[in-house]
Amino acid sequence: ENADTNIVNSSYLGTTARVQVVEPTSGNRCWGFITVEDKLAPELICVDTSIYCTTTTDPAIIGGQPTTTDLCSGSVTYQFTDSESTFSCRPGQMGMMGAVDPDTVGLVVRTWTAVDPCGNSVSGTQSVTVSDTEAPILTGVPLGISLDCTDGFDNIPPEVFATDNCDPNVYIQYAENTIPGACEGSFEMVRTWRATDACGNETVKEQTVIAGDSEA
């Protein structure tokens, strides 16, 4: 074919153009043929992201798919492979990509590969950090009560439970502080439950028990 312009763009891919070069001073000319091919890989940009521990790592759901530009072929297809690590939420943790935050419970190093229609490919890595930033939930903590000092009071602490989305073994710490009152049998007791997960997220709930002399 004869090229009717001096610009060869993507519309010429896969074609062979007959070209003519003219030396303007002498008028000498030469002819040849150019086959237009795409030999350049796309440009790939990967952006790191963070998710909560109960969130899927599926990029179709959490997003984070890389962006690409391709000068010749336009659209590209993506593939990825994952390498996963788990952590125990402690300061100074080190992962495949270096230091990670203390609240990190997992890290996915995702390798993306973009391929254009001509088979040129490029790869890049993306870090998906899996974190635990939510505190446990305490259930079973009773409401505060007020009673007469002659009333019976069961001093056995009630059973309290803790649940956590990321840590199945939440530590519950119990403490109580009792301040005697002015009259015999009166007191104020503060019961405290503290639930702490592996990443140091904690929930604190209290019950106050007040016993006094209400009779004349």
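These notes cover the structure that comes with them.

Rules used throughout
Residues numbered from 1 in each chain as written. Predicted model: local features only at pLDDT ≥ 70, side-chain atom pairs only at ≥ 80, totals over all residues. Heavy atoms only, no water. Disulfide = S-S within 2.5 Å. Helix = DSSP H or I, 4+ residues; strand = E, 2+ residues; numbered from the N terminus. Buried < 20%, exposed > 50% of the residue type's maximum accessible area, 1.4 Å probe, protein only. Pairing = 2+ DSSP bridges. Axes fitted to C-alpha atoms, helices over the stretch in contact; angles between N-to-C directions. Phe/Tyr/Trp six-rings, centres within 6.5 Å; stacked < 30°, edge-to-face > 60°. Lys NZ or Arg CZ within 6 Å of the ring centre and 35° of its normal. Lys, Arg positive; Asp, Glu negative; His and termini not counted. Salt bridge = Lys/Arg side-chain N within 4 Å of Asp/Glu carboxyl O. Polar contact = N/O pair within 3.5 Å; in protein donor to acceptor, adjacent residues only side chain to side chain.

1. Some thoughts on the state of the cysteines
Part 1 of the argument: What the rule picks out here adds up to 1 disulfide.
Part 2 of the argument: The disulfide that involves Cys53 links it to Cys166, with 1.5 Å between the sulfurs. Around the S-S axis, the bridge from Cys53 to Cys166 shows a dihedral of about -75° and counts as left-handed. Residue Cys53 is found in the loop between strand S4 (49–52) and helix H1 (59–62), and its partner Cys166 is found in the loop between strand S13 (161–163) and strand S14 (171–180); the two are separated by 113 residues along the sequence.
Part 3 of the argument: The exposure class assigned to Cys53 is partly exposed, which follows from its relative accessible area of 21%.
Part 4 of the argument: Residue Cys166 is classed as partly exposed on the basis of its relative accessible area, which comes to 24%.

2. Things to note about the sheet that holds strand S16 (residues 202–212)
Part 1 of the argument: Strand order in the open sheet formed by 4 strands is S12-S16-S15-S14, with mixed pairing between adjacent strands. Looking at which strands have only one partner, the edges of the open sheet turn out to be strand S12 (145–148) and S14. Within the sheet, the average angular offset between the axes of one strand and its neighbour, ignoring direction, is 15°.
Part 2 of the argument: For strand S15 (residues 187–196) and S16, the ladder comprises 10 bridges, and the chain directions are antiparallel. Opposite Glu188, over in S16, you have Ile210 as the bridge partner.

3. Remarks on the packing of aromatic side chains
The relation between two aromatic rings is expressed through the spacing of the ring centres and the mutual angle of the planes.
Part 1 of the argument: As enumerated under the stated definition, the model contains 3 aromatic pairs in all.
Part 2 of the argument: Centroid distance Phe80 to Trp112: 5.0 Å. Interplanar angle 50°. Geometry classified as tilted. In this pair, Phe80 is assigned in strand S6 (residues 77–86) and Trp112 in strand S9 (residues 104–115), connecting sequence segments 32 residues apart.
Part 3 of the argument: Since its relative accessible area comes to 2%, Trp112 is described here as buried.
Part 4 of the argument: Between Tyr174 and Trp193 the ring centres are 5.2 Å apart and the planes differ by 50°, which places this aromatic pair in the tilted class. Linking Tyr174 in strand S14 with Trp193 in strand S15, this pair joins segments that are 19 residues apart in sequence.
Part 5 of the argument: Judged by its relative accessible area of 31%, Tyr174 falls in the partly exposed class.
Part 6 of the argument: Each member of the aromatic cluster is reached from another via a ring pair, and the members are Tyr78, Phe80 and Trp112.
Part 7 of the argument: It is Arg110 that lies over the ring of Phe80; its NZ or CZ is 4.7 Å from the centre.

4. Here we look at the pairing of S9
Part 1 of the argument: Bridge count between S6 and S9: 10 bridges; the pairing is antiparallel. Its bridge partner being in S9, Thr86 is matched across the sheet by Gly106.
Part 2 of the argument: Between S9 and the antiparallel strand that follows it, strand S10 (residues 121–131), lie 5 residues; Gly119 among them carries a positive phi value of about 90°.

5. What about the side chain of Asp116?
Part 1 of the argument: Tracing the backbone through its elements, the reader meets Asp116 in the loop between S9 and S10.
Part 2 of the argument: The buried charged residue Asp116 lacks any salt bridge, with Lys39 as its nearest oppositely charged partner at 10 Å.
Part 3 of the argument: From its side chain, Asp116 meets the backbone nitrogen of Asn120 in a polar contact 2.9 Å long.

6. Structural notes on the pattern of salt bridges
Charged atoms that come close allow side chains of opposite charge to pair.
Part 1 of the argument: Under the defined criterion, the tally for this structure stands at 2 salt bridges.
Part 2 of the argument: Of the charged contacts, one joins Arg110 and Asp82 as a salt bridge, the two residues approaching to 2.7 Å between their closest N and O atoms. You can see Arg110 sitting in strand S9 and its partner Asp82 sitting in strand S6, a full 28 residues away along the chain.
Part 3 of the argument: Taking relative accessible area as the criterion, Arg110 reaches 1% and is therefore assigned buried.
Part 4 of the argument: Residue classification places Asp82 among the partly exposed residues on the basis of a relative accessible area of 32%.
Part 5 of the argument: Where Glu202 meets Arg194, a salt bridge forms, and the shortest distance between an N and an O atom there is 2.9 Å.
Part 6 of the argument: Given the relative accessible area of 29%, Arg194 is considered partly exposed.

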